[in-house]
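What the coordinates show
The residues making up each chain are set out below.
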Amino acid sequence: MRALLAVALLAIPSATLAELKPGVMNATYAEPEAPKLAPGEKAPPPIPQTCKIAIVGIEDLRDPANYMGNFFDNHFEPPADRQAWIKSMVAGLGTRGFDVKFAETGAVSAGYLPVKVALKTAWLDYHNGGFYGTVILRLSSADASRPFEKSYRGTFWRTLLMATVMGRSNDALNGAVALSLNRIAEDAKVFCPN
Amino acid sequence: MPIGFAMRVASAVCLAVPTAVLAFPEETIPEANRNPADPISLHVIVPQVEIRASINAAGGGGGGSESIVGALIVGAMESSRTKKAEDKAEQIRMAMEGFDADAIVKREVARAFSGINWINGSKASFAKDPTLWGKMAVLDAGSAPQMASLKITYEMTPDLSGVGVSAVVELVDKVNPRAKKPEKRFLPERVAFVKGAHTITSLAPDSSGKPIDSVAAWTANDGKLLKQTLIESIAKVADLSARAMQLRTTDMAAFNDKTLPKMSIGWHRGRIIEGADALATPETSNGIVRTSATVTPGKPGVLIWAGYFAHTRTLALGAGQ
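Residues numbered from 1 in each chain as written. Chains lettered and ligands numbered in written order. Predicted model: local features only at pLDDT ≥ 70, side-chain atom pairs only at ≥ 80, totals over all residues. Heavy atoms only, no water.

Remarks on the overall build of chain B
Along chain B, the regular secondary structure elements total seven helices and ten strands. Across the 321 residues of chain B, 47% fall into the buried class. For chain B, restricting intrachain contacts to residue pairs at least 6 apart in sequence, the fraction spanning at least 24 positions comes to 72%. Of the accessible surface of chain B, which amounts to about 14700 Å², a share of 57% is contributed by carbon and sulfur atoms. (Helix = DSSP H or I, 4+ residues; strand = E, 2+ residues; numbered from the N terminus. Buried < 20%, exposed > 50% of the residue type's maximum accessible area, 1.4 Å probe, protein only. Contact = heavy atoms within 4.5 Å. Areas by Shrake-Rupley, 256 points an atom, 1.4 Å probe, with all protein chains shown as cover.)

Okay, structure coming up:
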């Protein structure tokens, strides 16, 4: 066991305590790459945007607010502009059958369901040789006549093998957001009148 | 040769030499530090937001899966196997939605440490950040001469048939003349005391011989059995952590008594100090060394001393559902 540890110690990248800096996550969410198509396979058509929602409130409920997990003695922080960060996640519903309008300050267009979005969890756990991203988004109605409130989670793992810490931690987080958005889309009947 | 590489070579050599050559923390907390008038502060850390599933071939459960060796082994595994295991683990995570492990940890740690007047358990701080820098900020912000950081983690065993909760308690001096930089107070050879506590709860085999669907058992009724097991396991490691901090040299001598039988719990191996009567198959052992023994379902389990506490118990299906 000691011999294994000794070998492992030689294999890891060198870093001293003084070199450690927080890893700041990317400013916006990016959709994970779609699986490569097999020869002759056609890309699926875009999903029509039939579910109309207006985002009238965005909240960051994560606790702690400036901490998202760690990689040994280095920790991850969210980007500085949290509103833009969460907004970019919600915009991902646009490719999942939602017509999303942001109306935090303005009036809600007719036919759009006013919805509030909260980011309850955004976390990175270094485990099993890679990063687990975990995201929980909560959607709640701002229309008293059509009340609902539901949380949607996603967990996604990306190996650290042959990759950078920030690259793979962002991949893991984006994958988790995508899964959370997929679950919202699967549950669209809760929000959509039609 | 770059300095960084040279340091790693030196560290690797240190790992290869016998442990007695290196300086280590005290085995027990000295009496002088057990002072109710100037109590040790307690800082609790839970560095995760949902249950981990160890999908690794290294085995063992409990702690250790953050290790470099584990990472190297797991990194080399084929991804299809990981995906298959992940799909099962996801069912468990879904069932555990809304389970607030942090709240359970806070409650159980406060309870377990409430009877120790030289540790300020009732005013324990809580954080998610296990990094050296996070702990250092808490230590320096407080007025206590020593801080005990108690890190608690929880995860499924690699085959998902068991759940493990681990704790590591580390006592750090606020002022340490041997540490030339503030962060060096947290180096393994500079901390005043460090001990671990682990508990692993497994599902008992089906008496009919049929394989058990562990995932179905844990996740039935919105994860009722897993949630209850986690609550009990967190309480157990909180108790063992408090007990570890109160150990005296007489306890150590009793635990290391060479007449006590040995047992392995995952990769923890040590002498049985409690619950030897819970072993299901003592007749299969030679009476001195018991390895791979099973624990009778429903019993409180077996506690071993391996330089730290490791506990295991077995649940009979239907008992907790």
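Quick notes on the overall build of chain A
Within chain A one finds three helices and eight strands. Going residue by residue from the N terminus, the α and β elements of chain A occur as α-β-β-β-β-α-β-β-β-β-α. When burial is assessed residue by residue, chain A has 45% of its 194 residues classed as buried. When contacts within chain A are restricted to residue pairs at least 6 apart in sequence, those whose partners lie at least 24 apart make up 69%. Summed over its atoms, the accessible surface of chain A is roughly 9900 Å², and 58% of this surface lies on carbon and sulfur atoms.

Section: empty space enclosed by the protein
Under the criterion given, the structure shown has two cavities of 30 Å³ or more. Space inside the largest cavity adds up to approximately 80 Å³. Trp123(A), Asp125(A), His127(A), Tyr132(A), Thr134(A), Thr155(A), Val49(B), Glu50(B), Ile51(B), Arg52(B), Ala53(B) and Arg93(B) are the residues that line the largest cavity. Taken together, the elements giving at least two residues each to the lining of the largest cavity come down to β6 (113–127) and β7 (130–141) of chain A together with β2 (52–53) of chain B. A total of three residues in the lining of the largest cavity trace back to one element, the largest contributor, which is β6(A). Its residues assigned to classes, the lining of the largest cavity comprises five nonpolar, three polar and four charged. Met25(A), Asn26(A), Thr28(A), Tyr29(A), Trp85(A), Met89(A), Asn170(A), Leu173(A), Asn174(A) and Val177(A) are the residues that line the second largest cavity. Of all the elements in the fold, those that place two or more residues in the lining of the second largest cavity are α2 (82–91) and α3 (165–186) of chain A. Its residues placed into classes, the lining of the second largest cavity shows six nonpolar, four polar and no charged. (1 Å grid on protein atoms, 1.4 Å probe; cavity = no way out; pocket = protein on both sides within 12 Å on 5 of 7 lines; lining within 4 Å. Points joined across faces, edges and corners; volume = space filled by probe spheres on them. Nonpolar A, V, L, I, M, F, W, Y, C, P; charged D, E, K, R; others polar.)

Some details on the confidence of the model for chain B
Residue and element names in this part refer to chain B. Summarising the model, chain B shows a mean pLDDT of 84, and 79% of its residues fall at 70 or more. Across residues 17–21, confidence stays below pLDDT 50; counting only partners more than four residues off in sequence or on other chains, it has three contacts. The low-confidence segment residues 57–66 (pLDDT under 50) makes 29 contacts with residues lying over four places distant or belonging to another chain. (pLDDT = per-residue confidence, 0-100.)

A look at the pattern of salt bridges
The full count for this structure, using the stated rule, is 24 salt bridges over all chains. A salt bridge links Arg96(A) to Glu31(A), with the nearest nitrogen and oxygen atoms 2.6 Å apart. Pair noted here: Arg96(A) is in the loop between α2 and β5 (98–102) and Glu31(A) is in the loop between β1 (23–24) and β2 (51–60), with a separation of 65 residues, a long-range link. The exposure class assigned to Arg96(A) is buried, which follows from its relative accessible area of 12%. Taking relative accessible area as the criterion, Glu31(A) reaches 37% and is therefore assigned partly exposed. For Glu90(B), the salt bridge goes to Arg93(B), with nearest N and O atoms at 2.9 Å. One end of the pair is Glu90(B) and the other is Arg93(B), both in helix α3 (residues 79–95) and three residues apart, which spans about a single turn. (Salt bridge = Lys/Arg side-chain N within 4 Å of Asp/Glu carboxyl O.)

So, the state of the cysteines
All names here are of chain A. Counted by the stated rule, this structure contains one disulfide over all chains. At a sulfur-sulfur separation of 1.7 Å, the disulfide partner of Cys51 is Cys192. Sign of the S-S torsion, about -110 degrees for the bond between Cys51 and Cys192, identifies this disulfide as left-handed. With a gap of 141 residues between them, Cys51 in strand β2 and Cys192 in the segment after α3 connect regions that are remote in the sequence. What makes Cys51 buried here is its relative accessible area of 3%. Of the residues examined, Cys192 reaches a relative accessible area of 14% and is grouped as buried. (Disulfide = S-S within 2.5 Å.)

Things to note about the environment of Ala188(A)
Residues and elements named next belong to chain A. Along the chain, Ala188 falls in the segment after α3. By relative accessible area, which is 17% here, Ala188 ends up buried. Residues Ala188 and His75, 113 residues apart in the sequence, show an inter-C-alpha distance of 35 Å.

Section: the packing of aromatic side chains
Residues and elements named next belong to chain A. Taken as a whole and judged by the stated rule, the model has eleven aromatic pairs over all chains. Aromatic side chains Phe71 and Tyr126 sit 4.9 Å apart centroid to centroid with 85 degrees between the ring planes, which places their arrangement in the edge-to-face category. Pair noted here: Phe71 is in strand β3 (residues 69–71) and Tyr126 is in strand β6, with a separation of 55 residues, a long-range link. When sorted by exposure, Phe71 lands in the same class as Tyr126, which is buried. (Phe/Tyr/Trp six-rings, centres within 6.5 Å; stacked < 30°, edge-to-face > 60°.)

Some thoughts on helix α6 (residues 214–246) of chain B
Here α6(B) is 33 residues long, yet its end C-alpha atoms lie only 37 Å apart, well below the 48 Å a rise of 1.5 Å per residue gives. The sharpest bend along α6(B) reaches about 120 degrees and sits at Asp222(B). (Expected span 1.5 Å × (residues − 1). Bend = angle between axes of the 7 residues up to and from the residue.)

A closer look at the pairing of strand β5 (residues 162–173) of chain B
Residues and elements named next belong to chain B. Burial analysis of β5 places eleven of its twelve residues in the buried class, which makes it a mostly covered element. As defined by bridge partners, strand β4 (residues 146–156) adjoins β5 across eleven bridges and the pair is classed as antiparallel. Bridge pairing in β5 places Gln146 opposite Asp173. Where β4 hands over to β5, the hairpin turn is made up of five residues, of which Leu160 adopts a positive phi near 65 degrees. Pairing between β5 and strand β6 (residues 193–203): ten bridges, direction antiparallel. Bridge assignment links Val163 to a residue of β6, and that residue is Thr201. (Pairing = 2+ DSSP bridges.)

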